[in-house]
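Observations on chain architecture
Single-letter residue listing:
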Amino acid sequence: MVDALQEANRILVERGVFVDARPDSRVSARVRAGSARGRLVGTIGTQRPTKTDDQMSDRAIRDVLRRKLFRSRRHGRLWHAIPFEDSAELNDYLSDHLRFSRRVQWLAPAARRTTPLFVERAVRFEILEKRSDERFTHEERG
């Protein structure tokens, strides 16, 4: 991630914008029943190796901000929903997923898990702007 951020900084024009967006492993995904805003019926955690990768990516972002390669224009979290016909389709999806845990932690009995099901997933984002090189800016003025 550090190399990718340095490369982004190298190729961006002065004050160019770079958007870092990736799944947020700090919060569990939510499973909702009936609609994307329906009743919360379960949660899905993140696999441990993925959490470690995300922590390293977080450090890389902090590092380029500390080194003043970029400035943060905005950051936050958004949610998006992924629909599934039923729990069997959701379980198939989870069995091959590299990021999510392999199973849902159900919070509601099967009778309350009306279909379709929706996995509501958190995405962290940060809008980074390439900083101008102050050395060149001062030389041009002076």
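Description of the structure in this document. (Residues numbered from 1 in each chain as written. Predicted model: local features only at pLDDT ≥ 70, side-chain atom pairs only at ≥ 80, totals over all residues. Heavy atoms only, no water.)

1. Thoughts on the pairing of strand β2 (residues 29-33)
The two faces of the sheet receive side chains in turn, since in a regular strand these alternate between them. Counted only if it meets this: Between buried and exposed lies partly exposed: a residue is buried under 20% and exposed over 50% of the maximum accessible area for its type, with that area taken using a 1.4 Å probe on protein chains only. Strands here mean DSSP runs of E at least two residues long; helices mean DSSP runs of H or I at least four residues long; both are numbered from the N terminus. Two strands qualify as a pair provided that DSSP identifies no fewer than 2 bridges between them.
Taking burial as the measure, the 5 residues of β2 include 4 buried ones, the bulk of the element. With 5 bridges joining them, β2 and strand β3 (residues 39-44) adopt antiparallel strand pairing. Counterpart to V31 in the pairing with β3 is G42. If you look at the hairpin formed by β2 and β3, you'll find 5 residues sitting between the two strands, and G34 has a positive phi there, around 90°. Sheet analysis places β2 next to strand β6 (residues 117-130), joined by 4 bridges and oriented antiparallel. Following the sheet pairing, R30 is matched in β6 by E120.

2. Overview of the pattern of salt bridges
Here is the rule: Think of a salt bridge as a Lys or Arg side-chain nitrogen and an Asp or Glu carboxyl oxygen that are within 4 Å of each other.
Summed over the entire model, instances satisfying the criterion amount to 13 salt bridges. Between D58 and R22 there is a salt bridge, and its shortest N-O distance comes to 3.0 Å. Note that D58 is positioned in helix α2 (residues 48-66) and R22 in strand β1 (residues 17-23), a separation of 36 residues in sequence. Exposure remark for D58: the relative accessible area of 12% places this residue in the buried category. Of the residues examined, R22 reaches a relative accessible area of 11% and is grouped as buried. A salt bridge links R71 to E129; the shortest N-O distance between them is 2.7 Å. Taken together, the positions of R71 in strand β4 (residues 70-84) and E129 in strand β6 put the pair 58 residues apart, joining distant regions of the chain. We classify R71 as partly exposed; its relative accessible area is 37%.

3. Let's talk about the side chain of R99
Where we set the bar: Counted as a polar contact is a pair of N or O atoms within 3.5 Å, where, for protein atoms, one must be capable of donating a hydrogen and the other of accepting one, and residues adjacent in sequence contribute only when both atoms are in side chains. Here a residue-residue contact requires only that any non-hydrogen atoms of the pair lie within 4.5 Å.
Looking at the element boundaries, R99 is found in the loop between α3 (87-95) and β5 (105-106). Here R99 falls in the buried class, since its relative accessible area comes to 16%. A polar contact of 2.9 Å, which involves the side chain of R99, links it to the side chain of D54. Those residues in contact with R99 that lie beyond four places of it in its chain are P23, S25, G45, T46, Q47, T50, D54 and R121.

4. Things to note about the environment of A81
Along the chain, the position of A81 falls in strand β4. Among the residues examined, A81 registers a relative accessible area of 34% and is labelled partly exposed. Setting aside residues up to four positions removed in sequence, A81 forms contacts with A36, F118, V119 and E120.

5. Concerning the layout of surface pockets
In plain terms, the rule: Here a cavity means grid points, on a 1 Å grid over the protein atoms only, where a 1.4 Å probe fits yet cannot get out; a pocket means an open set of points with protein on both sides within 12 Å along at least five of seven lines; lining residues are those with an atom within 4 Å of a point. Grid points are joined across faces, edges and corners, and a volume is the space filled by probe spheres set on the points. Note on residue categories: nonpolar means Ala, Val, Leu, Ile, Met, Phe, Trp, Tyr, Cys or Pro, charged means Asp, Glu, Lys or Arg, and polar means any other residue, Gly included.
Volume-wise, the largest pocket comes out at about 170 Å³. D20, R22, R26, D58, I61, R62, H75, G76, R124, F125 and E126 together form the lining of the largest pocket. For the lining of the largest pocket, the secondary-structure elements that each account for two or more residues are β1, α2, β4 and β6. In terms of residue class, the lining of the largest pocket is made up of 2 nonpolar, 2 polar and 7 charged.

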